[in-house]
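# What the coordinates show
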Amino acid sequence: MGKDDTAKYTIATLGSHSALQILKGAKDEGFKTLIVSTIDRVDFYKRFKFIDKILTVKSFSEYEKIESQLKDENVILIPHGSFVAYLGAENNKKIKVPYFGNKAVLDWEQDRVMQRNWLKKAGINVPRQFDDIEDVTFPVIVKTYGAAGGKGYFYARDKQDFKKKIKAFKTEQYVIQEYIIGVTLYVAYFYSPITNEIEVMSMDRRYETNVDSLGRIPLHGQQGLDIEPSYVVVGNQPLIIRESLLPEVYAMGERVVETSKKLMGGKGLFGPFCLEMVITPDQRMFVIEISGRIVAGTSLYIGGSPYSDLMYDEPMSTGRRIAREIKMAIEKNELEKVLD
Ligand code: AMP
Ligand code: AMP
């Protein structure tokens, strides 16, 4: 296969999350593009000229019904946050069309115990976690399983507070984690199994409501209002890190990838991924979550980021980097290295 084969493939994704970035990047790299959209968003996606084709579904959970149509279009599917949020890990694993990424990562990501073991084995700092409420040092954050975008988490300042709030908690699967007071930072990486290199694509922080707006009301103005912090993501803001911390940022990404190869056997984690951290005043980086695919904060950098600009002389978003990887794999006849 050679360069001209790029146009034989169609890059496709679900219409949500970071779909625009992914498909813009695919078009820039010479692929045909397709979006699977819910009926209510068709008119919205029609606005974008880089989307060649729209397939309509009533809801994303109907994905299976259109899978044969995707096969006919010679599609390579790019997963993003909505794949896990709306299809669930099990249905992701059942996807039969070529899928950019390693589905084995889903199990390691979804189960908070496995995820933590992976990070620890990679020598990453993680917040302390408590099995027994009697052992807890407060404050803590209590988290459900799965990628819910911070929805449903709660903060507890002491044991009494915890006991009151846990009663209203609907799910049985949760973890009690030390609340790290520091600056949140989301580092978007890309690991290429074609070049065997790790790249820092961009950094951002999430803007979460209402926790990121509480500081705008002075304490005396909040007193008596009974406001609880919530962590529902609304959008993202750009951020860069002190250059002296950057070598460790790269090293952390490398260790996570190397460890994944040992734990998951074979391919391990590749393509885009994100380490979500909180950095404390003593400059320790605590990873609170790993995301094994493109994260939405990368859409800040459709025109390139301060970090991708150091490596590329052209605008290189994470979406475009994915398409570039697939293109390189096609040219080298190594597509099996990047597809599952
Ligand atoms: P959506 O397609 O917007 O419904 O989002 C799918 C999943 O990705 C949900 O779990 C969201 O919480 C998460 N998500 C969407 N946008 C962002 C964002 N900008 N930053 C972080 N997570 C996001
Ligand atoms: P996550 O779903 O794990 O990415 O967490 C969503 C949000 O909750 C983060 O962006 C942080 O604002 C907050 N958060 C999660 N874990 C912690 C922690 N251990 N300490 C402080 N804040 C946290």
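Below, the structure is looked at part by part.

Basis of the calculations
- Residues numbered from 1 in each chain as written.
- Chains lettered and ligands numbered in written order.
- Predicted model: local features only at pLDDT ≥ 70, side-chain atom pairs only at ≥ 80, totals over all residues.
- Heavy atoms only, no water.
- Helix = DSSP H or I, 4+ residues; strand = E, 2+ residues; numbered from the N terminus.
- Rg over C-alpha atoms; globule rule 2.2 N^0.38 Å.
- Buried < 20%, exposed > 50% of the residue type's maximum accessible area, 1.4 Å probe, protein only.
- Contact = heavy atoms within 4.5 Å.
- Areas by Shrake-Rupley, 256 points an atom, 1.4 Å probe, with all protein chains shown as cover.
- Arc of directions from axis to C-beta.
- Near = heavy atom within 4 Å.
- Polar contact = N/O pair within 3.5 Å; in protein donor to acceptor, adjacent residues only side chain to side chain.
- Nonpolar A, V, L, I, M, F, W, Y, C, P; charged D, E, K, R; others polar.
- Salt bridge = Lys/Arg side-chain N within 4 Å of Asp/Glu carboxyl O.
- Core = buried A, V, L, I, M, F, W, Y, C linked by side-chain atoms within 4.5 Å.
- Phe/Tyr/Trp six-rings, centres within 6.5 Å; stacked < 30°, edge-to-face > 60°.
- Pairing = 2+ DSSP bridges.

### Observations regarding the overall build of the protein chain
Within the protein chain, the secondary structure is distributed over 11 helices and 13 strands. The C-alpha atoms of the protein chain give 21 Å as radius of gyration, which agrees with the globular expectation for 340 residues (20 Å, within 12%). Along the first, second and third principal axes, the C-alpha set of the protein chain runs to 65 × 45 × 35 Å. Across the 340 residues that make up the protein chain, the buried fraction comes to 52%. Long-range pairs, those at least 24 residues apart, make up 63% of the contacts in the protein chain with a sequence separation of at least 6. Counting every atom, the protein chain has about 16,200 Å² of accessible surface; 51% of that belongs to carbon and sulfur.

### Some points on unusual backbone geometry
At the junction of Phe138 and Pro139, the peptide bond is cis and its omega measures out at 0° in the coordinates. Note that Pro139 resides in the loop between β5 (129-130) and β6 (140-144). The omega torsion of the bond from Thr209 to Asn210 falls at 10°, within 30 degrees of zero and hence cis. Examined against the element boundaries, Asn210 turns out to sit in strand β10 (residues 197-210). Positive phi values are uncommon outside glycine, yet Asn74 reaches one of about 55°. Relative to the helices and strands, Asn74 is located in the loop between α3 (63-72) and β4 (75-77). For Asp226, which is not glycine, the phi torsion reads 60° and is therefore positive. Within the secondary structure layout, Asp226 lies in the loop between α8 (219-222) and β11 (231-238).

### Quick notes on helix α7 (residues 159-166)
Of all the residues in α7, the buried ones are Asp161, Phe162, Lys165 and Ile166. For α7, the angular spread of the buried residues around the axis is 120°, confining them to a single face. Among the exposed residues of α7, those oriented more than 90 degrees off its buried face are Gln160 and Lys164. Those residues of α7 that are buried lie in contact with β6, β7 (154-156) and β8 (174-178).

### A few points about the site of ligand 2
Surveying the vicinity of ligand 2 reveals 15 residues, the closest of which are Tyr153, Tyr186, Glu208, Glu276 and Glu289. Ile180 has a polar backbone atom sitting 2.8 Å from a nitrogen atom of ligand 2. The fraction of the free accessible surface of ligand 2 (470 Å²) that becomes covered by protein chains is 97%. Taken together, the elements giving at least two residues each to the shell around ligand 2 come down to β6, β8, β10 and β13 (285-291). Split by residue class, the shell around ligand 2 holds eight nonpolar, one polar and six charged.

### Topic: the pattern of salt bridges
Taken as a whole and assessed by the stated rule, the structure comprises 27 salt bridges. Note that Asp28 is salt-bridged to Lys24, the shortest N-O span being 2.9 Å. Taken together, the residues span about one helical turn, with Asp28 and Lys24 both in helix α1 (residues 19-28) at a distance of four residues. The partly exposed category is assigned to Asp28, whose relative accessible area is 37%. Accessibility expressed as a relative area gives 30% for Lys24, which makes it partly exposed. The structure contains a network of salt bridges with shared partners spanning Glu29, Glu314, Arg320, Arg324 and Lys327.

### Digging into the nonpolar core
In summary, soluble globular proteins display a tendency toward joint burial of nonpolar side chains. With 60 residues, the main nonpolar core has Tyr189, Ile241, Val256, Phe273, Leu275 and Ile326 as its most contacted residues. Counting residues per element, this core draws most heavily on helix α9 (residues 246-264), which supplies six residues. Ala12, Ile66, Val75 and Ile95 belong to the second-largest nonpolar core, a separate cluster that totals 19 residues.

### Overview of the packing of aromatic side chains
Scanning the model with the defined rule gives eight aromatic pairs in all. Ring geometry for Phe60 versus Tyr86: centroids 5.8 Å apart, planes at 40°, classification tilted. Here Phe60 is found in the loop between β3 (53-57) and α3, whereas its partner Tyr86 is found in helix α4 (residues 81-93), with 26 residues between them in sequence. Judged by relative accessible area, Tyr86 falls into the partly exposed class, the value being 46%.

### A look at the pairing of β10
Where burial is concerned, most of β10 is hidden: 10 out of the 14 residues are buried. Two elements, strand β9 (residues 183-192) and β10, share seven bridges in a ladder whose sense is antiparallel. Counterpart to Tyr186 in the pairing with β10 is Asp204. Between β9 and β10, which pair antiparallel in sequence order, lie four residues; one of them, Asn196, sits at a positive phi of approximately 60°. Across seven bridges, β10 lies against β11 in antiparallel orientation. Looking across to β11, one finds that Thr209 is bridged to Val232.

Geometric descriptors of this kind do not, in isolation, establish any biological role.
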